[in-house]
Amino acid sequence: MELESFLLDPPAYFAHANVDTIILAQPNKRLAVIAFKARIRNRIGNARHKLYQMLYCNRRVRFKKGNSEHHEAQFNFEFLRPFGFDTIPELPVISALYDFDVPQNPEINQLLQPYRFNLILHTKSNGHGREWPIKHYAALARQLSQYPDTHLWLTGSAAEGQWLAEHAEELLELQNVGNLCGKYTLDQLSSLINAADGLIASGTGPLHISAALGQRTLGLFPPTRPMHPGRWAPLGKRAQALSLPISCAGCKDSQAATCACMENITPESVAEIVLRWRQETLAEKSSSLAVSAISD
């Protein structure tokens, strides 16, 4: 209902929603105009390049990302300078600030229950990141098929699920792989990620959700700016990134979905990390069962 109200009359929605601050972390002229018309008290935007940010934002910051060593999460703290926050935290400090309450979903818990280790593969990025080749996901799934207690779940939008149906038949036919693309809302996907035992993806939203929830998370990246893990690595207590040390020639093509840097992240190197996760998970679950038995 709230989304419907926003779509029908955005300025009226903001004006009556008790919103006093809007941060335009990404330049968006339409939202800037809406915030202005709604007379939101604090309208914060980066006025370095966009004239409309100067016109419609009344709390302006100025910074350039360029060749900065900052992570994207650190850049976001620049928008708090109008409130007197003038320190950019270190990455471990930022990840320690996360505090999410993700509800349990009985249907999802029942789906995962038959397997002792559940791994989510978010294979696509909706064009927002350089992707690990789908054939590598299939090779990883084949390597993990020798562990009957391990199951892999594919997530993504309905459109990405259709892409997989057309281009990843080999992956979808594996018995240790389940396809959940297009089946869940964002809230339900968060519950799935939280209930599983790990997630692998390239640079995309679910990767960062997983890391923020404290889930075991592996991000696969090219080493080239601005796509490199120094800018986009997942931040979390159990998050990590995998990337080659040297860029390939294809990295310079910003429109490419993949490149040699991603091709050369081998399924074997990813499987090594996953099997370490599996070992940790099985040990934790065995310990938990032992504690429960003693308590009973």
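Read on for an overview of the structure. Predicted model only: the values in this text are computed from it and were never measured. (Residues numbered from 1 in each chain as written. Predicted model: local features only at pLDDT ≥ 70, side-chain atom pairs only at ≥ 80, totals over all residues. Heavy atoms only, no water.)

**Section: the nonpolar core**
Next, step 1: If you look at the biggest cluster of nonpolar residues, it comprises 32 residues, and the most contacted ones within it are Leu 119, Leu 171, Ile 200, Leu 220 and Val 270.
Next, step 2: Of all the secondary structure elements, the ones that give two or more residues to this core are strand S4 (117–122), helix H8 (134–144), strand S5 (150–154), strand S8 (217–221), helix H14 (260–263) and helix H15 (267–295).
Next, step 3: Take this core: its biggest share by element is six residues, from H8.
Next, step 4: In this structure, Val 102, Leu 112, Leu 180 and Phe 221 belong to the second largest nonpolar core, which totals 15 residues. (Core = buried A, V, L, I, M, F, W, Y, C linked by side-chain atoms within 4.5 Å. Buried < 20%, exposed > 50% of the residue type's maximum accessible area, 1.4 Å probe, protein only. Helix = DSSP H or I, 4+ residues; strand = E, 2+ residues; numbered from the N terminus.)

**Remarks on the pairing of S5**
Next, step 1: For S5, the buried fraction is high: five of the five residues fall into the buried class.
Next, step 2: Going residue by residue along S5, you find Thr 150, Leu 152 and Leu 154 tucked away on one face and His 151 and Trp 153 tucked away on the opposite face as well.
Next, step 3: In the sheet, S4 pairs with S5 via five bridges, with the strands oriented parallel. By the bridge assignment, Ile 120 is partnered in S5 with Trp 153.
Next, step 4: Read as a crossover between parallel neighbours, the route from S4 over H8 to S5 is right-handed.
Next, step 5: Where S5 meets strand S6 (residues 177–179), three bridges bridge the pair, whose relative direction is parallel. Bridging from a neighbouring strand, Leu 154 pairs with Asn 179 of S6. (Pairing = 2+ DSSP bridges. Right-handed = clockwise from strand over helix to strand, strands pointing away.)

**Topic: the pattern of salt bridges**
Next, step 1: A complete count under the given rule lists 12 salt bridges for this structure.
Next, step 2: For Asp 20, the salt bridge is made with Arg 41, and the minimal N-O distance between the two is 3.9 Å. Here Asp 20, found in the loop between helix H2 (10–16) and strand S1 (21–24), pairs with Arg 41, found in the loop between helix H3 (29–37) and strand S2 (42–46); they are 21 residues apart in sequence, far enough to count as distant.
Next, step 3: Exposure remark for Asp 20: the relative accessible area of 38% places this residue in the partly exposed category.
Next, step 4: The exposure class of Arg 41 is exposed, given its relative accessible area of 57%.
Next, step 5: Of the charged contacts in the structure, one is a salt bridge between Arg 81 and Glu 78, with a shortest N-O distance of 2.6 Å.
Next, step 6: On the accessibility criterion, Glu 78 (11% relative accessible area) is buried.
Next, step 7: Via salt bridges that share partners, Lys 65, Glu 72 and Arg 231 belong to a single interconnected network. (Salt bridge = Lys/Arg side-chain N within 4 Å of Asp/Glu carboxyl O.)

**Remarks on the packing of aromatic side chains**
Next, step 1: All chains considered together, the criterion is met by six aromatic pairs.
Next, step 2: Measuring from ring centre to ring centre gives 5.3 Å for Phe 36 and Tyr 56, while their planes differ by 70 degrees; the resulting arrangement is edge-to-face. Of this pair, Phe 36 sits in helix H3 while Tyr 56 is found in helix H4 (residues 51–56), placing the two residues 20 residues apart along the sequence.
Next, step 3: On the basis of an interplanar angle of 70 degrees and a centroid distance of 6.2 Å, the ring pair of Tyr 115 and Trp 153 is categorised as edge-to-face. Of this pair, Tyr 115 sits in the loop between helix H7 (106–112) and S4 while Trp 153 is found in strand S5, placing the two residues 38 residues apart along the sequence.
Next, step 4: Site record: aromatic cluster; members linked through ring pairs are Phe 63, Phe 75 and Phe 79. (Phe/Tyr/Trp six-rings, centres within 6.5 Å; stacked < 30°, edge-to-face > 60°.)

Scope: geometric values only; no functional claims are made or implied.
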